[in-house]
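Reading the structure
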Amino acid sequence: MDLTDTPEDVRDPDEEPPDFTEWDAPEEVLKGGPTRERLLGVILQLRTPTKVAEIADQANCDTETARDYLEWFTSMGMTREIPGRPVRYERNESYLRWRRIEQIREQYSESEIVEELKETMEQLEEYRTRFDANSPDDVSLVDDTGESAVEEMWEAVSEWKTLERRAELLDAARQNGHPSSGGARVDA
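Our subject in this report is the structure included herewith. Everything quoted here is computed from the prediction, not taken from an experiment.

The rules behind these values
Starting from 1, residues in each chain are numbered consecutively following that chain's sequence as written. Residue-level local features of this predicted model are given only where pLDDT is at least 70; pairs of side-chain atoms are given and counted only at 80 or more, and the full residue set underlies all totals for whole chains, interfaces and linings. Derived side-chain values reflect all non-hydrogen atoms in the structure, with water molecules and hydrogen atoms excluded from consideration. Patch membership requires over 30% relative accessible area and the absence of a salt bridge. Like charges are linked within 9 Å, and nonpolar side chains (Val, Leu, Ile, Met, Phe, Trp, Tyr) within 5 Å. The accessible surface values rely on the Shrake-Rupley method and a 1.4 Å probe; as for residues, cover is taken only from the protein chains in view. A pair is scored as a salt bridge if a Lys or Arg side-chain nitrogen falls within 4 Å of a carboxyl oxygen belonging to Asp or Glu. Asp and Glu are treated as the negative residues and Lys and Arg as the positive ones, with His and the ends of the chain left uncounted. For charged residues, the charge sits on one atom: NZ in Lys, CZ in Arg, CG in Asp, CD in Glu. Helix and strand definitions follow DSSP, with helices as H or I runs of at least four residues and strands as E runs of at least two, each counted in order from the N terminus. We call a residue buried when its accessible area falls under 20% of the maximum for its residue type, exposed when it is over 50%, and partly exposed in between, using a 1.4 Å probe and counting protein chains only. For our purposes a nonpolar core is just a set of buried Ala, Val, Leu, Ile, Met, Phe, Trp, Tyr and Cys residues, chained together by side-chain atoms within 4.5 Å. Contact definition: two residues touch when any of their heavy atoms are within 4.5 Å. Aromatic rings from Phe, Tyr and Trp, with only the six-membered ring used for Trp, were paired whenever their centres fell within 6.5 Å, and each pair was classed as stacked if the ring planes differed by under 30 degrees, edge-to-face if by over 60, and tilted otherwise. As a rule, the C-alpha atoms of each element are fitted with a line to give its axis, helices using only the stretch in contact, and angles between N-to-C directions run from 0 to 180 degrees. Crossing handedness follows the turn of the near helix against the far one: under a right angle anticlockwise gives a left-handed crossing, and clockwise gives a right-handed one. For this scheme, ten residues count as nonpolar: Ala, Val, Leu, Ile, Met, Phe, Trp, Tyr, Cys and Pro. Four count as charged, namely Asp, Glu, Lys and Arg, and the remainder, Gly too, count as polar.

Residues Asp62, Asp68, Glu71 and Glu81 make up a contiguous surface patch of negative charge. For Glu81, the position within the fold is in strand E2 (residues 79–82). Under the relative-accessibility criterion, Glu81 is labelled partly exposed at 39%.

What follows covers the nonpolar core. Taken as a class, soluble globular proteins show a tendency for nonpolar side chains to be buried jointly. Membership of the largest hydrophobic core comes to 19 residues, with the highest contact counts inside it found for Ile104, Tyr127, Phe131, Val139 and Trp160. Sorting elements by how many residues they give to this core places helix H8 (residues 150–174) first, with ten residues. If sequence neighbours within four positions are ignored, Phe131 has contacts with Val139, Met153, Ala156, Val157 and Trp160. Counting 14 residues, the second-largest nonpolar core is a separate cluster that includes Leu39, Ile43, Ile55 and Ala66.

A few words on the packing of aromatic side chains. Geometrically, a pair of aromatic rings is defined through the distance of the ring centres and the angle of the planes. By the definition in use, this model includes six aromatic pairs. For the pair Tyr95 and Trp98, a centre-to-centre distance of 5.7 Å together with 45° between the ring planes defines the contact as tilted. On the criterion of helical spacing, the pair formed by Tyr95 and Trp98 is a turn pair, its members being three residues apart in helix H5 (residues 93–107). Since its relative accessible area comes to 43%, Trp98 is described here as partly exposed. Ring pairing ties together the aromatic residues Tyr69, Trp72 and Phe73, which thus form one cluster.

Quick look at helix H2 (residues 35–45) now. Within the span of H2, buried status applies to Arg38, Leu39, Gly41, Val42 and Ile43. Considering only its buried residues, H2 is in contact with helix H3 (52–59), helix H4 (63–76), E2 and strand E3 (88–91).

Our next topic: the packing of helix H6 (residues 110–131) against H8. The N-to-C vectors of H6 and H8 enclose an angle of 150°; their axes lie 9 Å apart at closest approach. As H6 packs across H8, the resulting crossing turns out to be left-handed. Per-class residue counts for the contact of H6 with H8 are 15 nonpolar, two polar and eight charged.

What follows is about unusual backbone geometry. The step from Arg85 to Pro86 runs through a cis peptide bond, and the omega angle for that step is 0°. Looking at the element boundaries, Pro86 is found in the loop between E2 and E3. The phi torsion at Asn60 lies on the positive side, around 60°, for a residue other than glycine. Take Asn60: it is sitting in the loop between H3 and H4. Positive phi values are uncommon outside glycine, yet Asp132 reaches one of about 50°. Relative to the elements of secondary structure, Asp132 occurs in the loop between H6 and helix H7 (141–144). Assessed through its relative accessible area of 71%, Asp132 is described here as exposed.

Secondary-structure assignment places Ala167 in helix H8. Here Ala167 falls in the buried class, since its relative accessible area comes to 0%. Once the C-alpha coordinates of Ala167 and Met121 are considered, the two residues, 46 residues apart in sequence, prove to be 6.9 Å apart.

Structure, rendered in structure tokens:
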């Protein structure tokens, strides 16, 4: 099974889809649980450097508690402190990448990693052929939609980008994720 495959038996086709209006809002879900977990949840969602007060507000804790945890997360390499007034924090992408590589190595054998990388590379080649482009960044949704729906094209390009990211992570895991092994960039 491909990592992105959805098993056939995930949902009964006769089952009604969930009523999303009955679900708790994400900000409400983050209010439960230990402070550290709430803060980590907020940090993992950060896309730009964010002030401590804003992080504390999203995690539903006081600013000083957030500051203490953020300093600890920074010492662990999970976040980066952006000096200035006010101090801001951002998630450390390289830490998250390293962690994902380690998870792959823990979850799969070396031969499974190599096999998955091979399959991923084949899928990438199919996208290159389909779009007659070397990269998903070379595809214009406006120019190339033709008869295809924009949503369909967007999904295909997004999947292509995901496959490129997967190939990079699998190749890094194959190389033991060690920088001295020649880098983790694969020419996907």
